[in-house]
Amino acid sequence: MSAALPLLAHVSGPLGQKGPRGAVLVHLKRGQTLTAKELAGRLGVSLNAARHHLKELEVEGLVEYERQHRGVGAPVFAYRLSAAGEALFPRRYETTLTAVLDQMVERDGREAAVALLESHFSGLARRLEGELSGRSPVERLHAIGRVLSEEGYMAEVTTSGGAGILTEHNCAIPAVAERFPEICAAEARFLAEVLGAEVDRREHLLSGCSACEYHVRFKSAQENS
């Protein structure tokens, strides 16, 4: 039996966009490409209302569309976020952090900058130690998902039996991750450590995927298999 943690309430929405328009942007961020009909169903509004919001966002340059063939019949218009729409989602301290890292690389070398980034996850692991103590593997995964959402990663958790999937729909520091991909490896090690699990990243934003997706297999399940 699968369970999904409703983490949307913890997500910082797109900057300057609230109400239905903000909800459209969030669903496009999570769904990658959606038709007006699919958005109407997710929002619980009429098809005309969904089209109206999409048209407004398109005029503002926040969404764009392409024709897609989905089976038999005429092509559909599939909407996605534009680069300007993507930029509305949380980018935590990215400009300041990038400047600090540049200075550190110049003064102490790249290794020092990477060590600083990796230390963030070490500190986060220490901060979570008390909260995660005594919890089941599934509870720990949900707790991690909540914390990452609060950090701006739009995390979503699903679990089934002795395994789970952690999906990050947003990267809070994309420019930093592009220049220092070691931070992505550090994140995977952090997850394996705090969850006490085998963690395998199957999707990666830096590789052009729509999200970072980690497949988690808890040790108790490995031992019983």
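Predicted model, so just to flag it, every value in this text is computed and none were measured.

Reading guide: rules and limits
- All residue numbers here refer to positions counted from 1 along the written sequence of the relevant chain.
- In keeping with the model being predicted, local features are shown solely for residues with a pLDDT of at least 70 and side-chain atom pairs are shown and tallied solely at 80 or more, while totals for entire chains, interfaces and linings include all residues.
- Side-chain measures here rest on the full set of heavy atoms in the structure, leaving out hydrogens and waters.
- Fitted lines through C-alpha atoms serve as axes, helices being fitted only where they are in contact, and the angles separating the N-to-C directions of these axes extend from 0 to 180 degrees.
- The helix and strand labels rest on DSSP assignments: H or I over at least four residues marks a helix, E over at least two residues marks a strand, and numbering proceeds from the N terminus.
- These descriptions rest on fixed angle ranges, namely under 35 degrees for roughly parallel, over 145 for roughly antiparallel, 65 to 115 for roughly perpendicular, and the rest for oblique.
- Left-handed describes a crossing in which the near helix is turned anticlockwise from the far one by less than a right angle; the clockwise case is right-handed.
- For this analysis, residues touch if any pair of their heavy atoms sits within 4.5 Å.
- Think of it as three bins: nonpolar holds Ala, Val, Leu, Ile, Met, Phe, Trp, Tyr, Cys and Pro, charged holds Asp, Glu, Lys and Arg, and polar takes everything else, Gly as well.
- Classification of residues uses two cut-offs on accessible area relative to the type maximum, computed with a 1.4 Å probe and protein chains only: under 20% is buried, over 50% is exposed, and between them is partly exposed.
- Any two strands with at least two DSSP bridges between them are considered paired.
- Residues belong to a common nonpolar core when they are buried Ala, Val, Leu, Ile, Met, Phe, Trp, Tyr or Cys residues joined through side-chain atoms within 4.5 Å.
- Take the residue count of a helix, subtract one, and multiply by 1.5 Å to get its expected span.
- Each C-beta atom gives one direction from the helix axis, and the arc is the one those directions make.
- When a carboxyl oxygen of Asp or Glu is within 4 Å of a side-chain nitrogen of Lys or Arg, the pair counts as a salt bridge.
- A residue's pLDDT is the confidence the predictor assigns to it, expressed on a 0 to 100 scale.

Let's shift gears to the packing of helix α6 (residues 110–132) against helix α7 (residues 137–150). Packed helix pairs are characterised by how far apart their axes lie and by the angle those axes make with each other. At a minimum axis separation of 11 Å, α6 and α7 run at an interaxial angle of 135°. As judged from the angle between their axes, α6 and α7 are oblique. Between α6 and α7 lies a crossing whose hand is right-handed. Taking contact as the criterion, the partners of Leu 124, Arg 127, Leu 128, Glu 131 and Leu 132 in α6 are, on α7, Arg 140, Ala 143, Ile 144, Arg 146 and Val 147. Taken together, the residues of the contact of α6 with α7 sort by class into six nonpolar, no polar and four charged.

This brings us to the pairing of strand β7 (residues 212–218). Side chains on a regular strand alternate between the two faces of the sheet. Burial runs high along β7: five of the seven residues are buried. Judged from the six bridges that link them, strand β5 (residues 163–168) and β7 form a sheet pairing that is antiparallel. When the sheet's bridge partners are listed, Thr 167 is paired in β7 with Glu 213. In this structure, strand β6 (residues 197–203) lies alongside β7, joined through six bridges in antiparallel fashion. Residue Asp 200 lies in a different strand from β7, and its bridge partner there is His 215.

With that out of the way, let us pick up the nonpolar core. Ile 144, Leu 166, Phe 190, Leu 191 and Leu 195 are the most contacted members of the largest nonpolar core, which has 39 residues in total. Those elements giving two or more residues to this core turn out to be α5 (94–108), α6, α7, β4 (155–160), α8 (174–179), α9 (182–195), β6 and β7. With near-sequence residues (within four places) excluded, Leu 191 lies in contact with Ile 144, Leu 166, Gly 196, Val 199 and Tyr 214. Counting residues in hydrophobic clusters, the runner-up holds 16 residues, among them Val 24, Leu 62, Val 63 and Leu 81.

Turning next to α5. Since the α-helix packs 3.6 residues into each turn, any two residues three or four apart lie on the same face. Between its first and last C-alpha, α5 extends 20 Å over 15 residues, near the 21 Å set by a 1.5 Å rise per residue. The set of residues buried in α5 consists of Glu 94, Thr 98, Leu 101 and Met 104. One side of α5 carries all its buried residues, which in axial view fall inside an arc of 125°. The exposed residues of α5 that point more than 90 degrees off its buried face are Thr 95, Thr 96, Gln 103, Glu 106 and Arg 107.

Moving on: the pattern of salt bridges. For the structure shown, the criterion picks out 13 salt bridges. Here Arg 80 ties to Glu 64 by a salt bridge, and the two come within 3.0 Å at their closest N and O atoms. Taken as a pair, Arg 80 in strand β3 (residues 76–81) and Glu 64 in strand β2 (residues 63–68) lie far apart in primary sequence, 16 residues in all. On the basis of relative accessibility, which here comes to 32%, the residue Glu 64 falls in the partly exposed class.

Next up on the list: the confidence of the model for the chain. Low-pLDDT portions of the prediction should not be read for the details of their coordinates. Counting all residues, the mean pLDDT for the chain is 84, and 90% of those residues have values of 70 or more. In the predicted structure, residues 1–11 sits below a pLDDT of 50 and forms 25 contacts with residues beyond four places in sequence or in another chain.

For His 204, the location among the structural elements is in the loop between β6 and β7. Residue His 204 is classed as buried on the basis of its relative accessible area of 13%.

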